[in-house]
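Inside the fold
This is what each chain is made of:
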Amino acid sequence: MGTAAVPRRFCRCACFCSENLYVARYGLHVRFRSEQQLRQDYEPILRRRGCVSPKDFQQLLGELEQEVERRRRLGLESAARKALIASSYRPARPEVYNLLQEAALAPEFLAAAEYSTSSGADLKGLLQRLDTVSEEKRIYRLPVFTAPFCQALLEELEHFEQSDMPKGRPNTMNNYGVLLHELGLDEPLVTPLRERFLQPLMALLYPDCGGGWLDSHRAFVVKYAPGQDRELGCHYDNAELTLNVSLGKAFTGGALYFGDLFQVPSTLAKPLEVEHVVGQGLLHRGGQLHGARPLGTGERWNLVVWLRASAVRNRLCPMCCRKPDLVDDEGFGDGFTREEPATVDVCALT
């Protein structure tokens, strides 16, 4: 008898609890290890951004301490929410939980993915099947889902949002939206999307960023609306590559803007602005600085998939820019593993 394969254990870097803590009020990401370190590293810039009085600083300190504690509990609390949702939630559109079918995908997306797996496929041929938003920044766009599927997914997400089920924050900067693994959509929707369709595309578009070695992801939907989140500060993603798909609804404003890679010192004086097109997805490198302009009217929902390659991030954590200090985590964690994938030629990624 054969031996069943042991599932890989994914990890996070210990820096998750101390690096890149976002302070929305001051539009700043900070490292936080102690009050003394915070004052030493950030007091001048905090003062320039309005953190002036002792009361302001103490309020900031309390918020950072709460965020560190939230991050420490995140894995276990997320697993508990997922279990409760699986046992108690009743979907409005159960068909979106079926295994991803090609009928849900736009013909242009299917054609690009099929080409990417064909004999002799190359970057030049693939780019003829995509819209190049920026050759310099390597940002591309193409339709991903059909309009009926976008509508069905959006209806399901709204139904969940209005339910009494517990909900986790999509990430550290967005307060409104849905974590797809908690809702039970990772296995039927996002994993096959990554493995069958995105990986061949990304292998041609971004071979130097681990595009051919994607082995995990973090997927969430973000919502922007009046009285809720309306804009998103400049940041980079904890991912090698990112897919961002506009699901709807009707809205004005909220354009994405892109700067340079976070490793490249620069200003955002003249960022590249990109409007959303419902049903279409933007592909970009995770390290590309970007944000979202303020929403004008309506509601904007976007599906964001952070695509990760352990062969890349096992060598350098993109958030602390050091060799990762690994901590076992739930699910895909933050995409790190304690071993290299057996088939990866690490030299080819350097």
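The preceding data block contains the structure.
Now for a description of the structure that goes with this document. (Residues numbered from 1 in each chain as written. Predicted model: local features only at pLDDT ≥ 70, side-chain atom pairs only at ≥ 80, totals over all residues. Heavy atoms only, no water.)

**Side note on the pairing of strand 9 (residues 241-248)**
Looking along a regular strand, one sees the side chains alternate between the two faces of the sheet. Inclusion rule: Burial status follows relative accessibility: with a 1.4 Å probe on protein chains alone, a residue under 20% of its type maximum counts as buried, one over 50% as exposed, and anything between as partly exposed. Numbered from the N terminus, helices here are DSSP runs of H or I no shorter than four residues, and strands are runs of E no shorter than two. Note on pairing: DSSP must find at least two bridges between two strands before they are called paired.
Burial within strand 9 is extensive, with 8 of its 8 residues counted as buried. Here strand 9 runs beside strand 13 (residues 280-285); their pairing, made up of 5 bridges, is antiparallel. When the bridges of strand 13 are listed, N244 appears paired with L282. As paired elements, strand 9 and strand 16 (residues 300-308) share 7 bridges and run antiparallel to each other. What sits directly across from V245, in strand 16, is L303.

**Things to note about the packing of aromatic side chains**
Formally: Stacked, tilted and edge-to-face are the three classes applied to pairs of Phe, Tyr and Trp rings, where Trp contributes its six-membered ring and a pair requires centres within 6.5 Å; stacked means planes under 30 degrees apart, edge-to-face means over 60, and tilted covers the rest. In our convention, an over-ring charge means Lys NZ or Arg CZ found within 6 Å of a ring centre and within 35 degrees of that ring's normal.
Counted under the stated rule, the structure contains 7 aromatic pairs. The positively charged end of R129 is found above the aromatic ring belonging to Y115, 3.9 Å away from the centroid. The ring of F336 carries R313 above its face, with NZ or CZ at 5.0 Å from the centroid.

**Focus: the side chain of T337**
The line we're drawing: Side-chain atoms alone can form a polar contact between residues adjacent in sequence; in general such a contact is a pair of N or O atoms within 3.5 Å, and within protein one must be able to donate a hydrogen while the other accepts it. Should any heavy atoms of two residues lie within 4.5 Å, those residues are considered in contact.
Residue placement: T337 occurs in strand 18 (residues 336-337). Polar side-chain contacts of T337 include one of 3.2 Å to the side chain of R8. Within the structure, T337 has its side chain in polar contact with the side chain of N314 (distance 2.8 Å). With residues near it in sequence (within four places) discarded, T337 still touches R8, R9, F10, S310, N314 and L326.

**Some remarks on the nonpolar core**
As a reminder of what qualifies: Only buried residues count toward a nonpolar core. Its members are Ala, Val, Leu, Ile, Met, Phe, Trp, Tyr and Cys residues joined through side-chain atoms within 4.5 Å.
F109, F145, L157, L180, L183 and L247 are the most contacted members of the largest nonpolar core, which totals 54 residues. Among the elements that take part in this core, helix 7 (residues 186-205) stands out by supplying 8 residues, more than any other. Grouped together as the second largest cluster of nonpolar side chains are 17 residues, M173, V222, L232 and V274 included.

**With respect to helix 5 (residues 147-162)**
For clarity, the threshold we go by: Expected span, for any helix, means 1.5 Å times one less than how many residues it has.
Here helix 5 spans 23 Å end to end across 16 residues, near enough to the 22 Å set by a 1.5 Å rise per residue. Considered for burial, the residues of helix 5 that qualify are F149, C150, A152, L153, L154, E156, L157, E158 and F160.

**Concerning empty space enclosed by the protein**
Where we set the bar: Both cavities and pockets are sets of points on a 1 Å grid over the protein atoms alone; in a cavity a 1.4 Å probe fits but cannot get out, in a pocket the set is open with protein on both sides within 12 Å along at least five of seven lines, and lining residues sit with an atom within 4 Å of a point. Grid points are joined across faces, edges and corners, and a volume is the space filled by probe spheres set on the points. Amino acid classes used here: Ala, Val, Leu, Ile, Met, Phe, Trp, Tyr, Cys and Pro are nonpolar; Asp, Glu, Lys and Arg are charged; the rest, including Gly, are polar.
Within this structure, the stated rule accounts for 1 cavity of 30 Å³ or more. Lining the largest cavity are R141, N244, V245, S246, E275, H276, V277, Q280, L282 and N302. Counting residues per element, the ones that place at least two in the lining of the largest cavity are strand 9 and strand 13. Of all the elements, strand 9 adds the most residues to the lining of the largest cavity, at 3 residues. Here the lining of the largest cavity is composed, by residue class, of 3 nonpolar, 5 polar and 2 charged.

Structural measurements only, silent on function.
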